[in-house]
Amino acid sequence: MKVTRLKKVSSTNDIAKDYPIGSVIIAEVQTKGHGRFRRGWSSSKGGIYISLVLPMIDKPQFYTFIGCISALKAIRDVTGTKAIIKWPNDLYLKSKKVCGILTINEEDKSIVGIGINVNNALPGHLRSKAATLNFSSRSDKELIIQSLLKHFKSYLKSIDEKQILADWKINSFLGSKVEAKTLNNTIQGIAHDLDADGFLIIKTGNKKIRVIEGDVSVKLKR
Ligand code: BT5
């Protein structure tokens, strides 16, 4: 993979569209970092903002899962701290979001954007719901990037969906009480499982409901 490092960009995901498959774009600051539904992603200096340009696959949601697991393993390798994966695209430390992933699909390629809060300052409105790793040494951020790319590349070798789902599940919020807000519905229940396509199954009473999009919040730990 060819890594390009830039100081300040609008969004690594946006500029990655102009790079060929196999590129990795890393920026120090994003002025227009964003999440799903064009929600903002706070991206000041000190955080990790990275996008990988990958070939399109049938189920690009698996790239998001690989991103989550790789970021989790990188944080664990470097800090010893174990984050929890929440469907569909983020990592939590205790009840605060530390990492978000946004996969976008362009004609023949997928762009997987990963943001991790390391030493970046967070705006006031995010302080109660976002966490930073907060290292004393700047070199630790680089160690996380290296570890993240190592794990990501290793999963790319064979995109083994069963293995990816298994790794995702054991590091995830499955078993927790959740509320899912979809476009037309609010579902409360237990995060029960992921199906073979990576969609979330919520159990409410005896019913199992398959959630294909939306925001999920954890209500109570099991
Ligand atoms: C995400 O969206 O979590 C995906 C974030 C992806 C960011 C990366 S950085 C590199 C690449 N370039 C980009 O422009 N994006 C990708 P979503 O699930 O929609 O969550 C967005 C919500 O997270 C916002 O509405 C805020 O509530 C919250 N948020 C914003 N900035 C945050 C931060 N730095 N840390 C934690 N939460 C944040």
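Please read these numbers as outputs of a predicted model, since none were measured by experiment.

Engineer: Can you help me understand the overall build of the protein in this one?
Structural biologist: For the protein, the helix and strand inventory stands at 4 helices and 12 strands. In terms of overall dimensions, the protein is globule-like: its C-alpha atoms have a radius of gyration of 17 Å, near the 17 Å expected for 222 residues. Each of the three principal axes of the protein carries a C-alpha extent, and together these read 50 × 40 × 30 Å. Going through the 222 residues of the protein one by one, you find that 51% of them count as buried. Counting contacts in the protein only where the partners sit at least 6 residues apart, residues at least 24 apart contribute 56% of the total. Carbon together with sulfur atoms contributes 52% to the accessible area of the protein, which is approximately 11,100 Å² in total.

Engineer: In this structure, what is going on with the site of the ligand? I would like to understand it.
Structural biologist: Around the ligand sit 27 residues, and of these Ser 11, His 34, Arg 39, Lys 97 and Asn 117 come closest. In this structure, an oxygen atom belonging to the ligand sits 3.1 Å away from a side-chain N or O atom of Asn 89. Between the ligand and Lys 129 there is a distance of 3.3 Å, counted from an oxygen atom to a side-chain nitrogen or oxygen. Relative to its free-state accessible area of 790 Å², the ligand is covered by the protein chains to the extent of 93%. When residues of the shell around the ligand are assigned to their parent elements, the largest contribution, 4 residues, is made by strand S6 (residues 96-106). By residue class, the composition of the shell around the ligand is 8 nonpolar, 15 polar and 4 charged.

Engineer: Help me understand helix H4 (residues 161-170), please; the structure alone is not making it clear to me.
Structural biologist: Given 3.6 residues per helical turn, the α-helix brings residues three or four places apart onto the same face. Among the residues making up H4, those that are buried are Ile 164, Leu 165, Asp 167 and Trp 168. On an axial view of H4, the arc spanned by its buried residues comes to 165 degrees, and they lie on one face. Exposed and facing more than 90 degrees away from the buried side of H4 are Lys 162 and Ile 170.

Engineer: How do you make sense of the environment of Arg 210 when you look at a structure like this?
Structural biologist: Mapped onto the fold, Arg 210 is located in strand S11 (residues 207-211). Note: C-alpha distance between Arg 210 and Phe 199 (11 residues apart in sequence) is 6.6 Å. Those residues in contact with Arg 210, other than ones at most four positions away along the chain, are Asp 195, Asp 197, Phe 199, Leu 200 and Ile 201. Here the side chain of Arg 210 touches Asp 195 through a polar contact of 2.6 Å, side chain to side chain.

Engineer: What is the right way to read the nonpolar core from this model?
Structural biologist: The nonpolar side chains of soluble globular proteins are, as a tendency, buried together. Counting residues in each nonpolar core, the largest one holds 52 residues, and the members touching the most others are Trp 87, Leu 91, Ile 114, Ile 116 and Leu 200. With 10 residues, helix H2 (residues 61-79) is the single largest residue contributor to this core. In this view, Trp 87 contacts Phe 65, Trp 168, Phe 173, Leu 194, Gly 198, Phe 199, Leu 200, Val 211, Ile 212, Glu 213, Gly 214 and Val 216; residues no more than four positions away in its chain are not counted. Counting residues in each nonpolar core, the second largest holds 6 residues, with Val 53, Leu 102, Ile 104 and Ile 111 among its members.

Each value, and the rule that gives it
Residues numbered from 1 in each chain as written. Predicted model: local features only at pLDDT ≥ 70, side-chain atom pairs only at ≥ 80, totals over all residues. Heavy atoms only, no water. Helix = DSSP H or I, 4+ residues; strand = E, 2+ residues; numbered from the N terminus. Rg over C-alpha atoms; globule rule 2.2 N^0.38 Å. Buried < 20%, exposed > 50% of the residue type's maximum accessible area, 1.4 Å probe, protein only. Contact = heavy atoms within 4.5 Å. Areas by Shrake-Rupley, 256 points an atom, 1.4 Å probe, with all protein chains shown as cover. Near = heavy atom within 4 Å. Polar contact = N/O pair within 3.5 Å; in protein donor to acceptor, adjacent residues only side chain to side chain. Nonpolar A, V, L, I, M, F, W, Y, C, P; charged D, E, K, R; others polar. Arc of directions from axis to C-beta. Core = buried A, V, L, I, M, F, W, Y, C linked by side-chain atoms within 4.5 Å.

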